[in-house]
Amino acid sequence: MSDRPPAVVAMSAVHWPSLFPDPVRRALGELVAFDPAVIVERLDDPRLEDRLADAEILITGWGCPAIDRAALDAMPKLRAVLHAAGSVKAHLCPEVWERGIAVSSAASANAVPVAEYALGVVLLAGKGVFGLRERYRRDRGFELGFIHDGVGNYRRTVGLIGASRIGRQVIDLLRPFDFHVQVYDPYAEDLDVPVVDLPTLLATSDIVSVHAPSTAETYRLLGREELALMPDGATLVNTARGELVDPEALIAELASGRLSAVLDVTDPEPLPPDSPLFDLPNAFVTPHVAGSHGNELARLGVCVVDELDRFLSGEPLLHPVGLADLDRGA
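Residues numbered from 1 in each chain as written. Predicted model: local features only at pLDDT ≥ 70, side-chain atom pairs only at ≥ 80, totals over all residues. Heavy atoms only, no water.

Chemist: Mind showing me how you'd approach the layout of surface pockets here?
Modeler: By rolling a water-sized probe across the atoms, one finds the places where empty space is left. Here the second largest pocket defines a volume of roughly 840 Å³. Broken down by secondary-structure element, the contributors of at least two residues to the lining of the second largest pocket are α6 (107-126), α7 (129-139), β10 (260-263) and β11 (283-285). No other element matches the nine residues that α7 contributes to the lining of the second largest pocket. In terms of residue class, the lining of the second largest pocket is built from 17 nonpolar, 10 polar and 11 charged. (1 Å grid on protein atoms, 1.4 Å probe; cavity = no way out; pocket = protein on both sides within 12 Å on 5 of 7 lines; lining within 4 Å. Points joined across faces, edges and corners; volume = space filled by probe spheres on them. Helix = DSSP H or I, 4+ residues; strand = E, 2+ residues; numbered from the N terminus. Nonpolar A, V, L, I, M, F, W, Y, C, P; charged D, E, K, R; others polar.)

See below:
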């Protein structure tokens, strides 16, 4: 009989091969006993009763069914839930923590490509690339040697809304460049960059990048009055959640030509086909691609395997999620 603790994988079967490709799956199998052919999408299947009753480790991901009281009662030996994605809000009930079950999330791993996307966009926006591309398309030519005024990243001010996992990674990625970086976050602690209030950040930043979670507190954080504080020619970058920005107020600012925006998230999402954002030349919209896609998904599986190894070795988790974290997390 195997001395590896029994585990169950609960997620959409579509994502399983990408999150846990063969090398990662083998590493997982060295730590726990599980059937890679059984990817659970419903916990109320009577055929799973014995498997759930023995499970000590639950590995979840996108498409995981809700872990409610009934599910927990069906898994009396459960010791840990390791999530191969970001937020656990949608599928874990508070009783998971009340029963002393350890919870970990791969949110930090999922933050890596978002931070990389934000860095790339900030550099391109500061260089004026989005506007210059539109001008080149319009004019079908340009003058060699012409110096474009008002562009460049030398000592440009970048304001970050939210010192989240992603926000902090963006801070680190911006360090090698000649930027002045400042942050607005009412909960920020131990940052080595200036922390300012929201009006100050908006009024003094050339580029504003949003990295706050979607909560009742941050809903429509950037409305008409806030966007009006941004200086002419500034760029808003949103890779967080569309709900943080008032879409009508943003469209009005973009239609005036005063601001530009790079939006990987919108409200609603996806946009309706007749949204002005598709046609405004100063709106660069991408289809929610900043997070993990393609081969980046394997990073999330590796994160889970690493956390599992620590948990089984009695070491503290690197990416624990507490019940109190849900109020301020994405």
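Chemist: Honestly, the environment of Glu-49 in this entry has me stumped. Any pointers?
Modeler: Counting through the fold element by element, Glu-49 comes out in helix α3 (residues 49-54). Using a relative accessible area of 55% as the deciding quantity, one classes Glu-49 as exposed. Glu-49 sits 13 residues away from Pro-36 along the chain, and the two C-alpha atoms are 17 Å apart. (Buried < 20%, exposed > 50% of the residue type's maximum accessible area, 1.4 Å probe, protein only.)

Chemist: Mind showing me how you'd approach the sheet that holds strand β4 (residues 80-83) here?
Modeler: In any sheet, the strands associate via hydrogen bonds between backbone groups, in a parallel or an antiparallel arrangement. Pairing is parallel in the open sheet, where five strands are placed in the order β2-β1-β3-β4-β5. The open sheet has two free edges, formed respectively by β2 (39-40) and β5 (102-105), since each of these has just one partner strand. Relative to β4, strand β3 (residues 57-60) is paired through four bridges, and the arrangement is parallel. Its bridge partner lying in β4, Ile-57 is registered against Ala-80. (Pairing = 2+ DSSP bridges.)

Chemist: Can you help me understand the UniProt feature "domain: D-isomer specific 2-hydroxyacid dehydrogenase catalytic" (unreviewed entry) in the chain in this one?
Modeler: According to UniProt, the positions carrying the feature "domain: D-isomer specific 2-hydroxyacid dehydrogenase catalytic" (unreviewed entry) are residues 42-321. Within the segment residues 42-321, helix and strand shares are 34% and 14% respectively, and the terminal C-alpha atoms sit 24 Å apart. (UniProt positions renumbered as here; feature names shortened; annotations may be inferred.)

Chemist: For this particular structure, what's the right way to read the side chain of Glu-253?
Modeler: Here Glu-253 shows up in helix α11 (residues 247-256). A relative accessible area of 13% places Glu-253 in the buried class.

Chemist: I tried to follow the packing of α6 against helix α8 (residues 165-174) on my own but got confused; where do I start?
Modeler: To characterise two packed helices, one gives the angle between the axes of the helices and the distance between these axes. Taken N-terminus to C-terminus, the directions of α6 and α8 make an angle of 50°; their axes are 8 Å apart at the nearest point. Considering their axes alone, α6 and α8 lie oblique with respect to each other. Seen from above, α6 lies across α8 with right-handed handedness. Listed contacts from α8 to Ala-107, Ser-108, Ala-111, Val-112, Val-114, Ala-115, Glu-116, Ala-118, Leu-119 and Val-122 of α6 are Arg-165, Ile-166, Gln-169, Val-170, Leu-173 and Leu-174. (Axes fitted to C-alpha atoms, helices over the stretch in contact; angles between N-to-C directions. Parallel < 35°, antiparallel > 145°, perpendicular 65-115°, else oblique. Left-handed = near helix turned anticlockwise from the far one by under 90°. Contact = heavy atoms within 4.5 Å.)

Chemist: Sorry, what's going on with the domain arrangement of the chain here?
Modeler: Here the chain is described as being made up of domain 1 (7-109 + 294-325) and domain 2 (110-285). Here domain 1 and domain 2 have C-alpha centroids that lie 34 Å from each other. Each partner contributes residues to the interface: domain 1 has eight residues there, and domain 2 has nine residues. Where domain 1 abuts domain 2, roughly 670 Å² becomes buried across the two surfaces, and 44% of that area is made up of carbon and sulfur atoms. Along the contact surface separating domain 1 from domain 2 lie zero salt bridges. Our count for the domain 1 to domain 2 interface comes out at eight residue pairs in polar contact (both at pLDDT 80 or more). Of all the secondary-structure elements, those providing two or more residues to the side of domain 1 that touches domain 2 are α6 and α12 (297-312). The greatest single-element share of the side of domain 1 that touches domain 2, amounting to three residues, is contributed by α6. Counted by class, the side of domain 1 that touches domain 2 contains four nonpolar, one polar and three charged residues. (Domains from an automatic or database assignment. Buried area = accessible area lost by both parts, 1.4 Å probe. Salt bridge = Lys/Arg side-chain N within 4 Å of Asp/Glu carboxyl O. Polar contact = N/O pair within 3.5 Å; in protein donor to acceptor, adjacent residues only side chain to side chain.)

Chemist: Explain the sheet that holds β11 to me, please; I cannot follow it from the model alone.
Modeler: The strand order across the open sheet built from six strands is β7-β6-β8-β9-β10-β11, with neighbouring strands paired in parallel fashion. Looking at which strands have only one partner, the edges of the open sheet turn out to be β7 (179-184) and β11. Direction aside, the axes of adjacent strands within the sheet are offset by 15° on average. Pairing between β10 and β11: three bridges, direction parallel.

Chemist: Would you take a moment to explain empty space enclosed by the protein for this structure?
Modeler: All chains considered together, the criterion is met by one cavity of 30 Å³ or more. Considering only enclosed or pocket space, the largest cavity measures out at about 30 Å³ in volume. If you trace the largest cavity, you find it lined by Ala-7, Val-8, Val-9, Phe-34, Asp-35, Val-38, Val-40 and Arg-51. Take the lining of the largest cavity: its biggest share by element is three residues, from strand β1 (residues 7-10).

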